[in-house]
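Chain residues, written in single-letter form:
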Amino acid sequence: MRVVLDTNVLFSALISPHGAPDTIYRAWRAARFELVTSEVQLDEVRRASRYPKFKQVLQPHRVGTMVNNLQRAMVLKTLPAEIEVADPFDAFLLGMAPAGEADYLVTGDHRAGLHQRGHIGRTRILSPAAFCSEAL
């Protein structure tokens, strides 16, 4: 099973060690599924972790460890450019799903319309809690 995790899920795993995002991150680290990421997402994790709102809650060494771990996942170098999405900042996520032949895209962002979309190609879009219930 291949899975794309939204950056908000990754950050949530670092912020709250007892929620669904942390359960998902630990399941990947235990090799229960294959994680699909990209150079674009790795850059986003590095950049966004320095935003003032995250500097207070994300410890730099834990972010660094996560980035190092993510580099051991399936890291896509190029992504499709023609993905239609309401929020252009989510285009790379939707590109990673078909490019990485992902079964699931897990996101906690309810405002961007990804949950309402439900899928992209064969990739199902689920919340962290729904993914835990269905796939783990």
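## Quick notes on the side chain of Thr-107
Argument step 1. By the element assignment, Thr-107 lies in the loop between strand E4 (104-106) and helix H7 (114-117).
Argument step 2. Of the residues examined, Thr-107 reaches a relative accessible area of 0% and is grouped as buried.
Argument step 3. Polar contacts involving the side chain of Thr-107 include one to the main-chain amide nitrogen of Asp-109, which spans 3.1 Å.

## Observations concerning the packing of aromatic side chains
Argument step 1. In the structure shown here, the tally under the stated rule is four aromatic pairs.
Argument step 2. Residues Phe-33 and Phe-131 carry aromatic rings whose centres are separated by 5.8 Å and whose planes lie at 85° to one another, so their mutual orientation is edge-to-face. Here Phe-131 lies in helix H8 (residues 128-135) and Phe-33 lies in the loop between helix H2 (20-29) and strand E2 (34-38), a separation of 98 residues in the sequence.
Argument step 3. Its relative accessible area of 6% is what places Phe-33 among the buried residues.
Argument step 4. For Phe-131, a relative accessible area of 0% gives the class buried.
Argument step 5. Geometrically, the ring pair formed by Tyr-104 and Phe-131 is edge-to-face, given 5.2 Å between the ring centres and 75° between the ring planes. Of this pair, Tyr-104 sits in strand E4 while Phe-131 sits in helix H8, placing them 27 residues apart in sequence. For the pair Tyr-104 and Phe-131, a shared accessibility class is recorded, and that class is buried.
Argument step 6. Taking the ring centre of Trp-28 as reference, the NZ or CZ of Arg-29 above it sits at 6.0 Å.

## A closer look at the pairing of strand E1 (residues 2-5)
Argument step 1. By the bridge criterion, three bridges tie E1 to E2 in an arrangement that is parallel. Looking at the pairing, Val-4 lines up with Val-36 of E2.

## With respect to the packing of H2 against helix H5 (residues 60-70)
Packed helices, taken two at a time, are described by the angle between their axes plus the distance between the axes.
Argument step 1. Two elements in contact, H2 and H5, have axes whose closest approach is 12 Å; the angle formed by their N-to-C orientations is 45°. On the basis of their axis angle, the class for H2 and H5 is oblique. The interaxial crossing formed by H2 with H5 has left-handed handedness. Residue-level contacts link Tyr-25, Trp-28 and Arg-29 of H2 to Met-66, Asn-69 and Leu-70 of H5.
Argument step 2. When grouped by side-chain class, the residues that make up the contact of H2 with H5 number four nonpolar, one polar and one charged.

## Let's talk about the environment of Ser-38
Argument step 1. For Ser-38, the location among the structural elements is in strand E2.
Argument step 2. Judged by its relative accessible area of 1%, Ser-38 is buried.
Argument step 3. Residues Ser-38 and Met-96 lie 58 residues apart in sequence; the distance between their C-alpha atoms is 7.1 Å.
Argument step 4. With sequence-adjacent residues up to four places away left out, Ser-38 is seen in contact with Val-75, Leu-76, Leu-79, Phe-92 and Met-96.

Calculation criteria
- Residues numbered from 1 in each chain as written.
- Predicted model: local features only at pLDDT ≥ 70, side-chain atom pairs only at ≥ 80, totals over all residues.
- Heavy atoms only, no water.
- Helix = DSSP H or I, 4+ residues; strand = E, 2+ residues; numbered from the N terminus.
- Buried < 20%, exposed > 50% of the residue type's maximum accessible area, 1.4 Å probe, protein only.
- Polar contact = N/O pair within 3.5 Å; in protein donor to acceptor, adjacent residues only side chain to side chain.
- Phe/Tyr/Trp six-rings, centres within 6.5 Å; stacked < 30°, edge-to-face > 60°.
- Lys NZ or Arg CZ within 6 Å of the ring centre and 35° of its normal.
- Pairing = 2+ DSSP bridges.
- Axes fitted to C-alpha atoms, helices over the stretch in contact; angles between N-to-C directions.
- Parallel < 35°, antiparallel > 145°, perpendicular 65-115°, else oblique.
- Left-handed = near helix turned anticlockwise from the far one by under 90°.
- Contact = heavy atoms within 4.5 Å.
- Nonpolar A, V, L, I, M, F, W, Y, C, P; charged D, E, K, R; others polar.

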